[in-house]
Amino acid sequence: MGVPQAMEVLRNRASLVRESLQKSQTITESMVSILGSFDHRLSALETAMRPTQIRTHSIRKAHDNIDKTLKAAETILAQFDLTRKAEAKILRGPHEDLESYLEAIDQLRSTIKFFSGHQSFKSNDGILNHANTLLSKAISKLEDEFRSLLTNYSKPVEPDCLFDGLPNSLRPSTASPAKQGDPGSKNHSENQKSLEKAVYTPPTLIPPRVLPLLHDLAQQMVQAGHQQQLFRIYRDTRASVLEQSLRKLGVERLSKDDVQKMQWEVLEAKIGNWIHYMRIAVKLLFAGEKKICDHILHGIDSLRDQCFAEVTANSVAVLLSFGDAIAKSKRSPEKLFVLLDMYEIMRELHSEIELIFGSKCCTEMRESAQSLTKRLAQTAQETFVDFEEAVEKDATKTAVLDGTVHPLTSYVINYVKFLFDYQSTLKQLFKEFDDDETDVDADAQLTNVTTRIMHALQNNLDGKSKQYKDPALTQIFLMNNIHYIVRSVRRSEAKDLLGDDWVQIHRRIVQQHANQYKRISWAKILQCLTVQGNASSGGGGLLGGDTGNVSRAMIKDRFKTFNVQFEDLHMRQSQWTVPDSELRESLRLAVAEVLLPAYRSFIKRFGPMIENGKNPGKYIKYRPEDLERMLSEVFEGKTWNEQKR
C-alpha cells in the first residue's frame, strides 16, 4: 500500500475520533442537565419532608418521656409496696421475727432516703412524715425489745457457777473460801507459783446466740440517735445484775469503822474471803462483763467504754473500799500476813486490771486499784517495823513457870518462818520503798531484818529470864528458848540467810546455858559427897580418901544433907520442862555422869560406917539406881500431885 492510501486511512480514523468526542460532549451536557434537575427535585422533596421529620422527633421524645415516667412510677410503686410490707412487719412488733423487724426498719430508712432525694414528687412531704412517724414507733418498740431481751437473759451468777470457773486449787471443797490461801499454809510460796499459771474460765453471762441480736438492736438504736437511751438501759440492767452476783458471792460494803469494831478472827476470815472475791471479780465477772460489752456494743467505741465503766464502777468501789479500810485500820503484828496476802493479790491482778479497765473512761478505777496496792504495801512495811519494835519491847508479865519455851519465842519464830513464805513479796516491798537509786540487794535486806528480829527476841528473853528467883531455872529458860530458835532456824529457809556461823554461835550459847545450869544446880550437892576436901582418884576429885579421919556423925550428916538437897532438886526440877527430847536426855546424862559416879564412890567408901549402925535406911535412902531413875524424871513438867502419885 502506498502513502496516499495510508493517509486516507488516518483521515478516516481521525474523523471517527471527532465524531466520538462530539457524542461524548453531547452526553455529558445531557447528564449535567439531568443532574441539575435531580438537585432541584431533592430540594423540593426535603422541603416537603421537613414537617414529617419534626413530628417523628416529637413522637420519639414523647415515647422516651413515657418510658421514664413509667419507670419512675414503677420505682415509686415499688417503694410504696416495700413500705407497706415494712409497716406490716413493724405493726406486728419485733417479738415474732426480730430479724425481719430489723430488715423492715432498714427498709423504712431506705424509703425516707429515697423520697428525701426526690423532693419534686407530689405529696412527697406526706409520705416522708408517715415514714418518719412509723420509724419513730419502730425504734421505740426496738428499745423495748432491747430492754426486754437484755433483762430476760441477764441473771445473777450463782456462786457455784463462779467456783466452776476457778482452778481446782481455789475451788472451795471441805474448806471455806477463807481457808484458801491461808497465810499460815506451809505451801504458800508453791501455791503462789501454781496460781500464776492457773487457767480461769469466765462464766457465760448472756447466751452466745443472743449476743448478735442485742448487737443488731444496739446498732439500730445508735443509727436512730438513741445513744443515751441505749446507754441507760445497758448500764442499769448490767450494773444491777453484776452487783447481785457479788452479793450472792458474799461481797458486802464495810467501812473503816465496821472493820475497827470486828474481832480479829472475824476480820481475818473476811480478809480471806475478800482475797477470794477479788480473784473471782476480776478474772471471772469483770472479764466476762468486758467480753459481752465488747460484743454487744462492737463498733460503738465511745459508748462501749462508757457503758463498761458505769456498769462496773460501783462493784469495783465496794471491793476496793474494804481493802482501803483494812489498809487504814489500826496496825497490829497479826495483820502483817493478811496485808501481804492482800498486797500479793493486788499485784497478781495488776496486769488484768490494766487490760480490762484500760480505756480512758476507766481511769479512776485503775488509779484506785494502784493506790490501794501502794497503801497496802506501805501499811505492811510499817507493820513489819512495828513488829520488830514490839518484840524488843514486849512486856508480858506472864512468866513461864516451868522454864519451857516462852510463847513469845514460838510466836516470833513462827512469824519469821511465815515471813519466809513471803520472800518474793517482802523483797518487792524493800525495792518499792528503798530511796537508794542503786540496785537493792533484797536478800541482804531480808537477812538484816531477820537478824534484827532475832536479836530483839534474845534481848527480850534476857529480860524475861530475870523474873526467875532460881538462877538454875533462869539458865534452863534461856537454854530452852535459844535451842528452840536455833533448831527452828536450822529447819527453815532462815538458815540460808543467817548462815552456818550464826547457827554455830548460838549452839554454843545453848551449851553455855546448859553448863551454867549444871554448875548452879549440882555444885552444892556434890560438895556433900566430899570429906575435908581430900581428893581421891575414884570420885571425880570430890571424895575423901581415908575413912579413919572421918566421924560417923559427919557421914550421917552428909548423907542426910544429900538426901534433903536431892529430894528438893528432884521435886523442883521435875516440874521444870525441857520440851526437846534430845536436849532433855543430854542434860540428864550430863548430870548423871557427874552425880552418879561421885555417889557410888561415896557409898562405897563411907556406906559401911552407916550400915553397921542403927537405922541405916534413914541415911542411905537411895541406891545409885534410884538416883538414876529419879534423874530420868526431871524436866518432864510434872505437877506436885503427879509427883506424889
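Calculation rules
Residues numbered from 1 in each chain as written. Predicted model: local features only at pLDDT ≥ 70, side-chain atom pairs only at ≥ 80, totals over all residues. Heavy atoms only, no water. Helix = DSSP H or I, 4+ residues; strand = E, 2+ residues; numbered from the N terminus. Buried < 20%, exposed > 50% of the residue type's maximum accessible area, 1.4 Å probe, protein only. Contact = heavy atoms within 4.5 Å. Areas by Shrake-Rupley, 256 points an atom, 1.4 Å probe, with all protein chains shown as cover. pLDDT = per-residue confidence, 0-100. Axes fitted to C-alpha atoms, helices over the stretch in contact; angles between N-to-C directions. Parallel < 35°, antiparallel > 145°, perpendicular 65-115°, else oblique. Nonpolar A, V, L, I, M, F, W, Y, C, P; charged D, E, K, R; others polar. Phe/Tyr/Trp six-rings, centres within 6.5 Å; stacked < 30°, edge-to-face > 60°. Lys NZ or Arg CZ within 6 Å of the ring centre and 35° of its normal. Core = buried A, V, L, I, M, F, W, Y, C linked by side-chain atoms within 4.5 Å. Salt bridge = Lys/Arg side-chain N within 4 Å of Asp/Glu carboxyl O. Patch = residues over 30% accessible without salt bridge, like charges linked within 9 Å, V, L, I, M, F, W, Y side chains within 5 Å. Lys, Arg positive; Asp, Glu negative; His and termini not counted. Charge placed at Lys NZ, Arg CZ, Asp CG, Glu CD. Polar contact = N/O pair within 3.5 Å; in protein donor to acceptor, adjacent residues only side chain to side chain. Arc of directions from axis to C-beta.

Per the secondary structure count, the protein chain includes 21 helices and 0 strands. A burial count over the protein chain gives 42% of its 645 residues as buried. Long-range contacts, defined as pairs at least 24 residues apart, comprise 81% of the intrachain contacts of the protein chain with a sequence gap of at least 6. Approximately 35,300 Å² of the protein chain is accessible, and the part contributed by carbon and sulfur atoms is 51%.

In this section: the confidence of the model for the protein chain. Looking at the protein chain, pLDDT values average 82 and 79% of them are 70 or higher. Of the regions scoring below 50 in pLDDT, residues 174–186 engages in 21 contacts with residues more than four places distant in sequence or in other chains. Confidence drops under a pLDDT of 50 for residues 533–545, and excluding neighbours within four residues, the segment shows 25 contacts in the predicted structure.

Turning our attention to the packing of helix α13 (residues 407–419) against helix α15 (residues 442–465). The geometry of α13 relative to α15 is characterised by a closest axis approach of 11 Å and an angle of 175 degrees between their N-to-C directions. What the angle tells us is that α13 and α15 run roughly antiparallel. Facing α13, whose interface residues are L408, T409, V412, I413, V416 and L419, α15 presents T450, I453, M454, L457, N460, L461 and K464. Residue composition of the contact of α13 with α15, grouped by class: 9 nonpolar, 3 polar and 1 charged.

For the structure shown, the criterion picks out 17 aromatic pairs. Chaining the aromatic ring pairs together yields one cluster made of F337, F387, Y411, Y415, F418 and Y422. It is K290 that lies over the ring of F308; its NZ or CZ is 5.3 Å from the centre.

This brings us to the nonpolar core. In this structure, F146, W274, I296 and M346 are the most contacted members of the largest nonpolar core, which totals 157 residues. With 15 residues, helix α9 (residues 264–296) is the single largest residue contributor to this core.

Turning our eyes to something else, we now look at the pattern of salt bridges. All told, the structure shown has 28 salt bridges when counted by the stated rule. D236 is the salt-bridge partner of R235, the closest N and O atoms lying 3.0 Å from each other. A relative accessible area of 24% means that R235 is categorised as partly exposed. The partly exposed category is assigned to D236, whose relative accessible area is 44%. Where K621 meets E567, a salt bridge forms, and the shortest distance between an N and an O atom there is 2.7 Å. Taken together, the residues K621 in the loop between α19 (581–611) and α20 (624–631) and E567 in helix α18 (residues 552–575) connect sequence positions 54 residues apart. The class of K621 is partly exposed, set by a relative accessible area of 42%. Taken together, the salt bridges that share partners define one network made up of K290, D294, D301, R304 and D305.

Here we take up the packing of α9 against helix α10 (residues 301–328). Between α9 and α10, the least distance of the axes is 11 Å, while the angle of their chain directions is 170 degrees. As judged from the angle between their axes, α9 and α10 are roughly antiparallel. Grouping the amino acids of the contact of α9 with α10 by side-chain chemistry returns 16 nonpolar, 3 polar and 6 charged.

Together, K417, R490, R491 and R507 make up a positively charged patch on the protein surface. Structurally, K417 is set in helix α13.

Positioned with a positive phi, N615 is a non-glycine residue whose angle comes to about 45 degrees. For N615, the position within the fold is in the loop between α19 and α20. Not every positive phi belongs to a glycine, and F635 is a case in point at roughly 65 degrees. Along the polypeptide, F635 turns up in the loop between α20 and α21 (640–644). Relative accessible area serves as the criterion here: at 1%, F635 is assigned to the buried category.

The next thing to look at is the side chain of R238. Among the structural elements, R238 can be located in helix α7 (residues 227–249). Its relative accessible area of 1% is what places R238 among the buried residues. Among the polar contacts made by the side chain of R238, one reaches the side chain of S154 at a distance of 2.9 Å. Discounting residues that sit within four places of it in the chain, R238 has contacts with L150, S154, L205, I206, E289, I292 and V311.

By the burial criterion, the buried members of helix α14 (residues 423–432) are Q423, T425, L426, L429 and F430. Seen along its axis, α14 keeps its buried residues to an arc of 165 degrees; they face one direction. In the core, the buried residues of α14 are packed alongside α11 (335–356), α12 (363–393), α13 and α15.

All right, on to the environment of C161 then. Along the polypeptide, C161 turns up in helix α4 (residues 159–164). Residue C161 is classed as partly exposed on the basis of its relative accessible area, which comes to 38%. Measuring from C-alpha to C-alpha, the distance between C161 and P203 comes to 7.0 Å, with 42 residues separating the pair along the chain.

Taken together, the side chains of I27, M31, I34 and L35 present a nonpolar region at the surface, about 380 Å² in accessible area. Tracing the sequence through the fold places I34 in helix α1 (residues 3–92). For I34, a relative accessible area of 41% corresponds to the partly exposed category.

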